[in-house]
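# Breakdown of the fold
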Amino acid sequence: MEVRVGERLLCLAVLSSVFCVDSVFGKYVKGIVNTKEDWVFLTRFCFLTDFGRLDFRFRYPKSRCCQNILLYFDDSSQWPAVYKRPEKNCYQKEAVLRPENNQVINLTTRYTWSGCVVEGEGNEEVLSCVGGRSFRSVRERWWYIALSKCGGDGLRLEYEMKLTNGQSFWTQHFSADEFGILETDITFLVIFSMVFLLSCYFAYNLKGRQLLHTTYKMFMTAAGVEVLSLLFHCVYWGLYARDGVGNGSLKILGKLLFSVSFLVFLLMLILLGKGFTVTRARISHSGSVKLSIYMTVYTITYVILFIYEAEFFDPGEVLYAYDSPAGYGLMGLQLLAYVWFCYAVLVSLKHYPEKQPFYIPFFTTYTLWFFAVPVMALIANFGIPRWAREKIVNGIQLGIHLYAHIVFLVITRPSAANKNFPYHVRTSQIGILLSSPKVGEGAESFPHHAYGNSSFLGDSQPNFTELFSIQSV
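Just so it is clear, the model here is predicted, and its values are computed rather than measured. (Residues numbered from 1 in each chain as written. Predicted model: local features only at pLDDT ≥ 70, side-chain atom pairs only at ≥ 80, totals over all residues. Heavy atoms only, no water.)

Attention now moves to the overall build of the protein. Of regular secondary structure, the protein possesses 12 helices and nine strands. Per-residue burial over the protein gives 53% buried out of 473 residues. Considering only intrachain contacts with a sequence separation of at least 6, the fraction spanning at least 24 residues in the protein is 80%. For the protein, the computed accessible surface area is about 21,400 Å², with 61% contributed by carbon and sulfur atoms. (Helix = DSSP H or I, 4+ residues; strand = E, 2+ residues; numbered from the N terminus. Buried < 20%, exposed > 50% of the residue type's maximum accessible area, 1.4 Å probe, protein only. Contact = heavy atoms within 4.5 Å. Areas by Shrake-Rupley, 256 points an atom, 1.4 Å probe, with all protein chains shown as cover.)

Below you can see the structure in the form of structure tokens.
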């Protein structure tokens, strides 16, 4: 029976994925501030040029008057000039704002536009401020909302804010950098569903010819989990578009499934590179140990990276995962996996040069895949405007994953015209090979053979003799 190396390591991929949780800041936000600081960051949002709107409700004791809401935008002279600048005091942070742009909302009854009124009596008096503010600029901008009371005795405030872009279902609750993500995810959900269904059809044909190996099942698992990931993301963004809050658990589950799909696909590539199900029936004991250690280290590093991101992710600085130390770590891990992949493919080609028709296009196409995400992230960090990064990166990342799945689907299609088809030993022959009296390489490796696509000729008259034949080395 075929040894399922991938299944023994899949649990590591699932474990690492449990920690793939990113911080989500809804466009309907509320909370309580109670601190001795005199300046704090509240939230951020990317507004459109003409349709941005902030509606708010603030409450705080009148005895703590008077506090200010500060509206910074992403110009280098504004938010970057004040955030995490310990050398600047509260007054200096307020000084960069432009009064003519109405960037300060004084939460007091003396400032009409704040909508503040006094409620309660005596020591129970509170200032309740209900109002709004429209945002207009020459381009989409990130706006950062902060609270201040310079020279006071700290800050105390209850707040509710609703940040919107227009009235359309597809834009209202979305930050401008998120525009198109829902539509993109729906499109890729349809395409990946077609890829998965086609892989099931191919698997049916491969099973009929006893060529449905573990690595192909891993590919089907990765594609199916990717479909589920996109489904949960689409449901999350759909709910979010409706109320501006959504269900954060759905997005977390989508991220988890996305990571599982990636790690299963990565493991499949390394196993194929080592020749599993292509040139050998099983991975040697030492090879299995090395691969287990590698995946364990990979998983532990994944866990560390995402714990770091969950604990130290700064919404005032980082705009998406790859724009952080954790993101750079993920890129490094992918490049490390590529080194393993290269070594495995070169060793397989050294011992089985007749497999070049499969391994050369396999190595070339997936070399592009391994480098695509790091290169894309670096370009995004330094070449794409911050107000457009998330939606562009989301589309490119899904496109890269689709490329990887379609390439594998093409090179493993069960067709007589497919000269790159990797499998030549049938699943019914695996047990015979593993029970071979030879030791060492003979107990693990397949005999040298042409490609299995020759069995796709003359389907109407299958060659039953070939099903159980073994060529001698």
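Our next topic: the packing of aromatic side chains. In total, this model carries 40 aromatic pairs according to the counting rule given. Seen in terms of ring centroids, Trp79 and Tyr144 are 4.6 Å apart; in terms of plane orientation they differ by 5°. Their pairing is stacked. Of the two residues, Trp79 is situated in helix 2 (residues 79-82) and Tyr144 in strand 8 (residues 141-148); the sequence distance between them amounts to 65 residues. In this structure, Trp79 and Tyr144 share a single accessibility class: buried. (Phe/Tyr/Trp six-rings, centres within 6.5 Å; stacked < 30°, edge-to-face > 60°.)

This brings us to the pattern of salt bridges. The final tally for this structure, using the stated rule, is eight salt bridges. Between Arg59 and Glu119 there is a salt bridge whose closest N-O contact spans 2.7 Å. With Arg59 in strand 3 (residues 52-61) and Glu119 in strand 6 (residues 116-119), the pair connects residues that are 60 residues apart, well separated along the chain. Assessed through its relative accessible area of 32%, Glu119 is described here as partly exposed. For Glu125, the salt bridge goes to Lys62, with nearest N and O atoms at 3.7 Å. Remark: Lys62 occurs in the loop between strand 3 and strand 4 (67-73) and Glu125 occurs in the loop between strand 6 and strand 7 (126-135); sequence separation between them is 63 residues. A relative accessible area of 39% places Lys62 in the partly exposed class. Put simply, Arg64, Lys149 and Asp153 are held in one network by salt bridges that share partners. (Salt bridge = Lys/Arg side-chain N within 4 Å of Asp/Glu carboxyl O.)

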